[in-house]
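Understanding the architecture of this molecule
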Amino acid sequence: EDGSHRPVTVQKHKLLGGLLPSGFDERSCLSRHGSVLYHKELRQRPSSYLISRLRNYEALHKRCGPHTELYNRSVELIKSGQYRGSADCNYLVWISYSGLGNRILTLASAFLYALLTNRVLLVDPGVNMPDLFCEPFPDVSWLLPPDFPIISKFSTFDQKSPHCYGYMVKNDIVGNSSGSIVPPFIYLHLAHDYDDQDKLFFCDEDQSFIQKIPWLVMRTDNYFVPFLFLIPSFERELNNLFPEKETIFHFLSRYLFHPTNSVWGLVMRYYQAYLAQADEKLGIQIRVFDTGVGPFKYFLDQIFACTTKENLLPRINRGEPIVNPSGKQKTIAVLITSLSPGYFEEFRNMYWEHPTVTGEIVGVYQPSQEKHQQTEKLMHDRKALAEMYLLSLTDKLVTSAWSTFGYVAHGLGGLKPWILYKPENKTAHNPPCVRAASLEPCFHAPPYYDCKKKTGTDTSKIVSHVRHCEDVSWGLKLF
Ligand code: GDP
């Protein structure tokens, strides 16, 4: 290649073909441009329309973000209680809620909703968010300032709060003001336990009311992007942004989530020490929703059945104590993540005690063994993010059904995982796993409602690219 072009190519490569904005200081967030050296290339090119809408969003964020004049003016609306007319800037505040995998999926969903509705996304720092993620937008922070007027009330917002949209519908507070007076903020309850009125958020008619409100405060633990495609007024814009549906989270996650240097250190040290030298890297994400730390024999059997049946790992030779032929053997590094140490020990022992039938050498590694979810602890969350990221750097990936932790790993990596079915009644599932047909995460709790007919309906039948998930039969996902 002509030397004079190289810097441009490298630059473009670092910015993921234009997905990322330029102008950041590299050292303050090494992962932002460094991760490109470790990840596989983006599965597809982002559309030029997506790129231009992202640059426009960044400009909006800079104009309306925290501590700008327009922001200060908008905050005054909340303090004064009521407002008329239209605001200069409109906002979507994302409440930090649930486990880290869930938070990553919901933040991506919230960002896309903000992009579609020309709102500025602001992030409740919650416990650990600023310590885990770098700022994604140039110049102005995405973090909600600590002096935001209602920040201390977030923890009390629920379906019975007078500002909750579902509550307002139930009590006929919406629509009867016939025109100009709308509240300065409402609370959107989109968590798994949301009810029929909360779910009206996903109807066009309700969107046209919600659109008038300058501040939306949202709590969710669901990846609701698939349902945005079922809202007619968003459909066209979404199709322009994402001609290919199954890379939406892949693009959004690479755009938004850059681990901070402390997390990136965990990722890089582990990668260099245990994974980089292997000829092939296989990730196995083990998430068990049965109570108890485990390991559970039935799930272990199921994982072995999957890796064998799908030819992800070589079989072992239990018969002869073969010494492998001398010379360089192919090595496979297996990265296991799990709260429990037990599965890793079984895998490691098996491949230490017996040779493989192929002569391949299998090394098994597990970074942390935290035993229980401890979302409030900083180092716990850092390790969780580092592990999702490490899984995303493997060549092939096995994930567990229902787990958002696994969705993040495969989405970031652009890897179609083999999904281990959820064991029922403490019994291994047969077949043990299924290859995902799409890179997208699953929306676990979608509405089953036809907004126009005002009746229940199977929402997996409305458009061809939104269908049920492989791992959650009632969930919806993009294909
Ligand atoms: P989900 O419950 O599997 O959908 O994933 P979440 O990430 O939302 O919540 C599970 C939480 O448990 C994670 O955020 C971690 O705090 C913890 N956790 C679960 N599995 C693992 C694991 O393999 N490694 C680590 N370090 N933490 C885990």
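Rules behind the numbers
Residues numbered from 1 in each chain as written. Predicted model: local features only at pLDDT ≥ 70, side-chain atom pairs only at ≥ 80, totals over all residues. Heavy atoms only, no water. Core = buried A, V, L, I, M, F, W, Y, C linked by side-chain atoms within 4.5 Å. Buried < 20%, exposed > 50% of the residue type's maximum accessible area, 1.4 Å probe, protein only. Helix = DSSP H or I, 4+ residues; strand = E, 2+ residues; numbered from the N terminus. Pairing = 2+ DSSP bridges. Axes fitted to C-alpha atoms, helices over the stretch in contact; angles between N-to-C directions. Contact = heavy atoms within 4.5 Å. 1 Å grid on protein atoms, 1.4 Å probe; cavity = no way out; pocket = protein on both sides within 12 Å on 5 of 7 lines; lining within 4 Å. Points joined across faces, edges and corners; volume = space filled by probe spheres on them. Nonpolar A, V, L, I, M, F, W, Y, C, P; charged D, E, K, R; others polar. Near = heavy atom within 4 Å. Polar contact = N/O pair within 3.5 Å; in protein donor to acceptor, adjacent residues only side chain to side chain. Areas by Shrake-Rupley, 256 points an atom, 1.4 Å probe, with all protein chains shown as cover. Sits in = over half its atoms within 2 Å of the grid points. Salt bridge = Lys/Arg side-chain N within 4 Å of Asp/Glu carboxyl O. pLDDT = per-residue confidence, 0-100. Disulfide = S-S within 2.5 Å. Right-handed = clockwise from strand over helix to strand, strands pointing away.

1. Examining the nonpolar core
By size, the foremost hydrophobic cluster in this structure holds 125 residues, and its most contacted members are Phe-111, Leu-112, Tyr-113, Leu-121, Phe-148 and Trp-215. The biggest single contributor to this core is helix H5 (residues 100–116), with 12 residues. Ranked by size, the runner-up nonpolar core spans 27 residues in total, among them Phe-296, Phe-304, Tyr-351 and Trp-418.

2. Some thoughts on the sheet that holds strand E3 (residues 185–190)
Taken in spatial order, the four strands of this open sheet run E2-E1-E4-E3, and their pairing is parallel. Edge positions in the open sheet fall to strand E2 (120–123) and E3, since each of these has one partner strand only. Across the sheet, the axes of successive neighbouring strands diverge by a mean angle of 25°, strand direction being ignored. Taken together, the four bridges between strand E1 (residues 91–94) and E2 define a ladder with parallel strand orientation. Considered in E2, the bridge of Tyr-91 is made with Val-120. Taken strand by strand, helix H3 (residues 48–64) contacts E1 and E2, and its axis lies near 65° from that of E2. Lying on the sheet, H5 is in contact with E1, E2 and strand E4 (215–220); it crosses E1 at an angle near 175°.

3. Side note on the layout of surface pockets
Of the pockets and cavities examined, the largest pocket occupies roughly 890 Å³. Along its surface, the largest pocket is lined by 42 residues, and Arg-287, Phe-289, Leu-339, Gln-373 and Ser-403 are the ones closest to its centre. Sorting elements by how many residues they give to the lining of the largest pocket places helix H15 (residues 378–392) first, with six residues. For the lining of the largest pocket, the residue count by class is 15 nonpolar, 19 polar and eight charged. Put simply, the parts of the chain that give the lining of the second largest pocket at least two residues each are helix H7 (165–170), helix H8 (204–210), helix H10 (232–241) and strand E11 (449–450). The element best represented in the lining of the second largest pocket is H8, accounting for four residues. Residues of the lining of the second largest pocket, tallied by class, amount to 16 nonpolar, one polar and eight charged.

4. Topic: the sheet that holds strand E5 (residues 280–286)
Pairing is mixed across the open sheet formed by six strands, whose spatial order is E7-E6-E5-E8-E9-E10. Either end of the sheet is taken by a strand with one partner, and the two such strands are strand E7 (361–365) and strand E10 (433–435). Pairs of neighbouring strands in the sheet enclose a mean axial angle of 20°, with direction left out of account. Across three bridges, the pairing between E5 and strand E8 (residues 396–400) is parallel. For Gly-283, the partnering residue across the bridge sits in E8 and is Leu-397. In the packing of helix H13 (residues 297–309) onto the sheet, contacts are made with E5, E8, strand E9 (418–420) and E10, and the angle to E9 comes to roughly 160°. On top of the sheet, helix H14 (residues 342–353) reaches E5, strand E6 (331–338) and E7; it is set at about 160° to E7, its chief contact.

5. A look at the site of the ligand
Surveying the vicinity of the ligand reveals 17 residues, the closest of which are Gly-101, Asn-102, Arg-287, His-380 and Thr-404. Glu-387 is positioned with one of its side-chain polar atoms (N or O) 2.8 Å from a nitrogen atom of the ligand. The fraction of the free accessible surface of the ligand (560 Å²) that becomes covered by protein chains is 97%. Here the ligand occupies the largest pocket. Looking at side-chain class alone, the shell around the ligand contains five nonpolar, 10 polar and two charged residues.

6. Topic: the pattern of salt bridges
The tally for this structure, following the rule as stated, stands at 22 salt bridges. Between Lys-328 and Asp-279 there is a salt bridge whose closest N-O contact spans 3.8 Å. Highlighted residues: Lys-328 in the loop between H13 and E6 and Asp-279 in the loop between helix H12 (261–275) and E5, separated in sequence by 49 residues. The partly exposed category is assigned to Asp-279, whose relative accessible area is 44%. A salt bridge links Lys-477 to Glu-470; its shortest N-O distance comes to 2.7 Å.

7. A few points about helix H11 (residues 248–256)
Burial within H11 is extensive, with nine of its nine residues counted as buried. The complete set of buried residues in H11 reads Ile-248, Phe-249, His-250, Phe-251, Leu-252, Ser-253, Arg-254, Tyr-255 and Leu-256. Contacts from the buried residues of H11 go to H3, H5, helix H9 (225–228), helix H16 (404–413) and strand E14 (476–478).

8. A few points about the confidence of the model for the chain
Chain-level statistics for the chain give a pLDDT mean of 94 and a share of 94% at 70 or above. Predicted confidence for residues 1–6 stays below pLDDT 50, and this span has two contacts to residues more than four positions away or in other chains. Of the two predicted TM-score estimates for the complex, the pTM is 0.96 and the ipTM is 0.99.

9. With respect to the state of the cysteines
Following the criterion strictly, the structure yields five disulfides and no others. Here Cys-306 engages in a disulfide with Cys-433; their sulfurs sit 2.1 Å apart. Here the disulfide of Cys-306 and Cys-433 is right-handed, its torsion about the S-S bond being about 90°. Of the two residues, Cys-306 sits in helix H13 while Cys-433 sits in strand E10, which places them 127 residues apart along the sequence. Comparing Cys-306 with Cys-433 shows no difference in burial state: the two are buried. What pairs with Cys-442 in a disulfide is Cys-469, and their sulfur atoms sit 2.0 Å apart. Between Cys-442 and Cys-469 the sulfur-sulfur dihedral comes to about 85°; the bridge is accordingly right-handed. Of this pair, Cys-442 sits in the loop between E10 and E11 while Cys-469 sits in the loop between strand E13 (466–468) and E14, and the two are 27 residues apart along the sequence.

10. What about the pairing of E1?
Of the two faces of E1, the one carrying Tyr-91 and Val-93 and the one carrying Leu-92 and Trp-94 are both buried. You can see the chain leave E1, run along H5 and come back into E2, and the turn it takes is right-handed. As paired elements, E1 and E4 share four bridges and run parallel to each other. In the strand pairing of E4, Tyr-91 is matched with Trp-215.

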